[in-house]
Amino acid sequence: MSERDLDHELVLRAQNGDQRAFELLVVKYQRRIVRLLSRMIRDQNEIEDVTQEAFIKAYRALPSFRGESAFYTWLYRIAINTAKNYLSTLGRRPILSAEYEDEDGDTVDAAALVPDFHTPETELSNKQIVSTVNEAVDALPDELREAITLREMDGMSYDEIALAMDCPIGTVRSRIFRAREAIANRLRPLLGDVGKDKRW
């Protein structure tokens, strides 16, 4: 049984009133949601509160879950929207962390997302490149930043991103292309000829 099949079985049980099944989903994904939200919110207490609120919203919305997407993709969207609403009421913008979570829930430093520029033509340190990438991502409009994060840092497919962001796949491709162009433009002055006509 695949992870998606297992989640689907737990969701069906929860939809039929098995509260323990939903608790198992919470246990399974709570850590990932906390780490996801830590990219947007700095205060640990606030992260825990928003995580709890996201799971409550997911539980209430569970009858409407039809399984068109993976459960985590659906939950991810609820958590992101809950965090955005929370920050919006406070008049705050999401923060940007240098660490991200990959598909398996492991922490990955942003340096892992940067191409290998170890050539004789450049002596830039990883730290400098990562800093520039972080600044470039932070400067992106929200929809571009979310799309590139889902693709490059969470490893989601274009279809999953379209579901998570509730937009057509063509829009997802356009946002990711524009985000990559913006990041490449920030890197080019640092990389000179090495980064010319190349996207990160």
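What this report covers is the structure whose coordinates are included nearby. Predicted model only: the values in this text are computed from it and were never measured.

## A look at helix α2 (residues 19-37)
Most pronounced at Y29, the bend in α2 amounts to some 45 degrees. Those residues of α2 not exposed but buried are A21, F22, L25, V26, Y29, R32, I33, R35, L36 and L37. N-capping of α2 is provided by D18, with a side-chain oxygen placed 3.1 Å from the backbone N of R20.

## Structural notes on the side chain of R175
Mapped onto the elements of the fold, R175 is located in helix α8 (residues 169-191). It turns out R175 is buried and unbridged, and the closest side chain with the opposite charge, E143, is 5.4 Å from it. Contact partners of R175, with chain neighbours within four places excluded, come to E143, L144, A147, M165 and C167.

## Points about the packing of helix α1 (residues 3-15) against α2
The interhelical angle for the contact between α1 and α2, taken along N-to-C directions, is 140 degrees, at an axis separation of 7 Å. For the element pair α1 / α2, the angle class is oblique. Here E3, L6, D7, L10, V11, R13 and A14 of α1 lie close against α2, whose contacting residues are A21, F22, L24, L25, K28 and Y29. Its residues placed into classes, the contact of α1 with α2 shows nine nonpolar, no polar and four charged.

## Digging into the packing of aromatic side chains
In this structure the tally under the stated criterion is seven aromatic pairs. Ring geometry for F65 against F71: centres 5.9 Å apart, planes inclined by 90 degrees, an arrangement best described as edge-to-face. Residue classification places F65 among the buried positions, given a relative accessible area of 6%. For the ring pair Y72 and Y76, a centre distance of 6.1 Å and an interplane angle of 70 degrees mean the geometry is edge-to-face. With Y72 and Y76 both in helix α4 (residues 71-90) and four residues apart, this pair spans about one turn of that helix. One exposure class covers both Y72 and Y76, and it is buried. The rings of Y29, F65, F71, Y72, W74 and Y76 are connected pair by pair, giving a single aromatic cluster. Sitting over the face of the ring of Y72, R32 holds its NZ or CZ atom 4.0 Å from the ring centroid. In this arrangement the basic side chain of R173 is found over the ring face of Y158, its NZ or CZ atom lying 4.4 Å from the centre.

What counts as what
- Residues numbered from 1 in each chain as written.
- Predicted model: local features only at pLDDT ≥ 70, side-chain atom pairs only at ≥ 80, totals over all residues.
- Heavy atoms only, no water.
- Bend = angle between axes of the 7 residues up to and from the residue.
- Helix = DSSP H or I, 4+ residues; strand = E, 2+ residues; numbered from the N terminus.
- Buried < 20%, exposed > 50% of the residue type's maximum accessible area, 1.4 Å probe, protein only.
- Polar contact = N/O pair within 3.5 Å; in protein donor to acceptor, adjacent residues only side chain to side chain.
- Lys, Arg positive; Asp, Glu negative; His and termini not counted.
- Salt bridge = Lys/Arg side-chain N within 4 Å of Asp/Glu carboxyl O.
- Contact = heavy atoms within 4.5 Å.
- Axes fitted to C-alpha atoms, helices over the stretch in contact; angles between N-to-C directions.
- Parallel < 35°, antiparallel > 145°, perpendicular 65-115°, else oblique.
- Nonpolar A, V, L, I, M, F, W, Y, C, P; charged D, E, K, R; others polar.
- Phe/Tyr/Trp six-rings, centres within 6.5 Å; stacked < 30°, edge-to-face > 60°.
- Lys NZ or Arg CZ within 6 Å of the ring centre and 35° of its normal.

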